[in-house]
Structure formats: structure tokens, C-alpha cells
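Residue-level structural notes
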Amino acid sequence: MEKKRIQKIVKASWVAVIGNSLLAFSKIVIGVISGSMAVLADGIDSASDIITSLITLITGKIISKPPNVKYPYGYSRADTIAAKFLSFIIFFAGAQLAISSMEKLVNPVELELPSQIAIYVTGFSIIGKLLLARYLKIRGKRLNSLMLSANAKNMQNDVLISVSVLIGLLFTIYFKLPILDSITALFVSIWILKVSYEIFGKTNEELMDGNSDPQIYKRIFQIVTKVNHVFNPHRLRIRRLGNLSIVEMDIEVDANMTVRESHDIAMSIEKAIREEVPNIYDILIHIEPLGNEEDERFGLNENDVKKLEN
Ligand SMILES: [Zn+2]
């Protein structure tokens, strides 16, 4: 199951590498043949998207490695680290666009009408990127991969930038309002910075073992309370490893139970959770005698879940 998922992530990354290489290569060739610096520059810029796609490809290989003594939880989180890395690349692209559009606002430059070939290539590139972005978005969602979703957003941003360039040309050449070109670019750059911030935020949550999803907490409390002879399930903590979850919690059982009986209860809880909640990597249940009082680290009790919903 997990093996198949990772194979699909690697395949999607290959599609992104090949798609972006084709786009960059055709732009560079057309740029050289037509002598259009704009197309050539766009082609070289697209080359950076080959690098982001290569990052997801290499990471796909890394997350396929089994757990070992150094990484006993395996490598699933490499996906999250790669997504964070992409958020920096996206941030950089947004900041670059913001700076150049603000410069243009302060010192407006005379814009030339690019050659027809440049406009066609931009159109072709928009379609190509749109298809890639859509494909990666669907794969990222279905495979629950933050890095594929981040790369999809990266492709979407490229589409946005190309469209804003065309709109800017329209404003400048046909409506004689060059200032609107810079303003459009500025809005697009703000959007891109927002996208990078969102990806950055999402990866932080996972890398700090946070989990803001009340549904999975609710679900597990419901399941555990249905298991016989289980009392006071508490201190529930659920952390994510890429698309997988690790569940930790305390339960109380009759103090006179044998180790075997209480272990059987823990096993039936694990079985019930795995049957009803997908993508569980591991479950750790700490068993306490009924009425136990002790100092404990933080964890969620059933009535804490409401706080996550707010
Ligand atoms: Zn406890």
C-alpha cells in the first residue's frame, strides 16, 4: 500500500521533470531561433522548475527507504521537508517579482511590444503549466503528499505570472496605462508570497508534531470508548509522518487484571483504530490501573477536542 503510494509519487515527479524540461527546452530553442530575449529568459526561468521537480523526485526515492536504527520512524517526513524547501523557492520567486514590480512603479520603464512568437510561446507555456499544475494538484491530494501539492502551487504561480505579463502588456500597449502592468505584477507577487506562507505554515505544524485536525481526535475517542473494559481514555496525542499518523494515549483498566488481559484490551483498541482510521503508522497505548493519579505530560482529553474546532 505505502510502497504503491510512493511509486506513484515518484511517477508524478517524473512527469513534472519531463514536462518542465520540455517547456524550458522549447522556449530556449524558440528564443534562440527567433532572437527573442524575452522567450529565452522565460526558458531559462522555467529551468528552475526542473530543479523543484527534481527535488520531489529525489525525495520520492528517500521516502521509499525503510526505517532503520538511525531513523526508526522511517523517512516519510522527507516529503514535508521538501515541501518546506519548495515554500522557500516560491517565497523567493514572489519576493523577486514584488521587488521588480515596485521598482517599475517607482521608475516606470518603456515597455516594448514583444514579438508575436513571444506571445504564442507564453500562451503555449500557460497551457503546459496549467496541465502540469492540475495533474500535480490531483496527485498531491490523492496521494496526500505536501511536496507534490506545493509543486502544483508553484506551477500555478508560474501560470499566474505568465498571465499577468500578458495582462500587463494589454494595459500598457492597448490602454496606454503602463502603471497597471506593475500593479498587476505586484498583486500577483503578493498572492505568491501568501501561497509560500501557507505551505510554510502547514509544514511547520507537522514538523513540530502539531495536529489541528479535530476529526481524527474525535474519531479515535469514539472508537476507544466503544471497546469493553476501557476507562478514562486520556492524554491522546496524534502526530503526522507525511501522510501517516502515530497515535499515543493512556487508558485505565481494572487494577486486578492480568498483564495478558490488559494487553489484550490494548490490542483490541489498536485493531479497532486500524480498521476505522486510514494511514495509521503506529499506536502506543499506556495502560494504567483504574483511578490512577500521577503527574503526566500534556495530551488531549475528550473535552479538549472542542478547543481544536474553534
Ligand atoms: Zn495517564
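From a predicted model like this one, the values you see are computed outputs, not experimental measurements. (Residues numbered from 1 in each chain as written. Predicted model: local features only at pLDDT ≥ 70, side-chain atom pairs only at ≥ 80, totals over all residues. Heavy atoms only, no water.)

Attention now moves to the environment of Asn154. Looking at the element boundaries, Asn154 is found in helix 5 (residues 146-174). In this structure, the C-alpha to C-alpha distance between Asn154 and Ser196, residues 42 residues apart in sequence, is 8.8 Å. Setting aside its immediate chain neighbours within four residues, Asn154 contacts Asp49, Thr52 and Ile90. (Helix = DSSP H or I, 4+ residues; strand = E, 2+ residues; numbered from the N terminus. Contact = heavy atoms within 4.5 Å.)

Topologically, Ser212 is positioned in the loop between helix 6 (178-207) and helix 7 (214-226). Judged by relative accessible area, Ser212 falls into the partly exposed class, the value being 43%. A C-alpha to C-alpha distance of 9.8 Å links Ser212 and Lys307, two positions 95 residues apart in sequence. The residues touching Ser212, leaving out its near neighbours within four places in the chain, are Glu205 and Leu308. A distance of 2.9 Å separates polar atoms of two side chains, one belonging to Ser212 and the other to Glu205. (Buried < 20%, exposed > 50% of the residue type's maximum accessible area, 1.4 Å probe, protein only. Polar contact = N/O pair within 3.5 Å; in protein donor to acceptor, adjacent residues only side chain to side chain.)

Time to look at the coordination of the zinc ion. In the first shell of the zinc ion, the protein supplies His234 (NE2), Asp250 (OD), Glu288 (OE), Glu288 (OE) and Glu296 (OE), at 1.7 to 2.8 Å from the metal. For the zinc ion, the donor residues sit on a single chain with the sequence spacing H-x15-D-x37-E-x7-E. Highlighted residues: His234 in strand 1 (residues 231-241) and Glu296 in the loop between strand 3 (280-289) and helix 9 (305-309), separated in sequence by 62 residues. Of the residues examined, His234 reaches a relative accessible area of 7% and is grouped as buried. (Donors = N, O, S within 2.8 Å, 3.2 Å for Na, K, Ca; no water.)

Take the domain arrangement of the protein next. One widely used convention gives an interface's size as the accessible area the parts lose upon coming together. Taken as a whole, the protein is organised into domain 1 (2-207) and domain 2 (214-309). When each unit is reduced to the centre of its C-alpha atoms, the spacing between domain 1 and domain 2 is 42 Å. Surface buried jointly by domain 1 and domain 2 totals about 940 Å² across both partners, of which 46% is contributed by carbon and sulfur atoms. Among the residues domain 1 hides against domain 2, the three largest losses belong to Tyr73, Arg77 and Glu206. Together they make up 52% of the total. Our count for the domain 1 to domain 2 interface comes out at one salt bridge. The shortest N-O distance in the salt bridge between Glu205 and Arg240 comes to 3.5 Å. Linking domain 1 to domain 2 there are three residue pairs in polar contact (both at pLDDT 80 or more). (Domains from an automatic or database assignment. Buried area = accessible area lost by both parts, 1.4 Å probe. Salt bridge = Lys/Arg side-chain N within 4 Å of Asp/Glu carboxyl O.)

Okay, the packing of aromatic side chains next. For any pair of aromatic rings, the description consists of the separation of the ring centres together with the inter-plane angle of the planes. All told, the structure shown has two aromatic pairs when counted by the stated rule. Residues Tyr71 and Tyr75 carry aromatic rings whose centres are separated by 4.8 Å and whose planes lie at 50° to one another, so their mutual orientation is tilted. Classification of Tyr71 as partly exposed rests on a relative accessible area of 39%. Residue class for Tyr75 comes out buried when judged on its relative accessible area of 14%. Centroid distance Phe88 to Phe200: 5.8 Å. Interplanar angle 45°. Geometry classified as tilted. (Phe/Tyr/Trp six-rings, centres within 6.5 Å; stacked < 30°, edge-to-face > 60°.)

In this section: unusual backbone geometry. Its identity is not glycine, yet Asp209 carries a phi of approximately 60°, on the positive side. Taking the relative accessible area as the measure of exposure, Asp209 reaches 34% and is therefore partly exposed. A positive phi is found at Arg235, a non-glycine position, where the angle reads about 50°. With respect to the helices, strands and loops of the structure, Arg235 is situated in strand 1. In this structure Arg235 comes out as buried when scored by relative accessible area, which is 13%.

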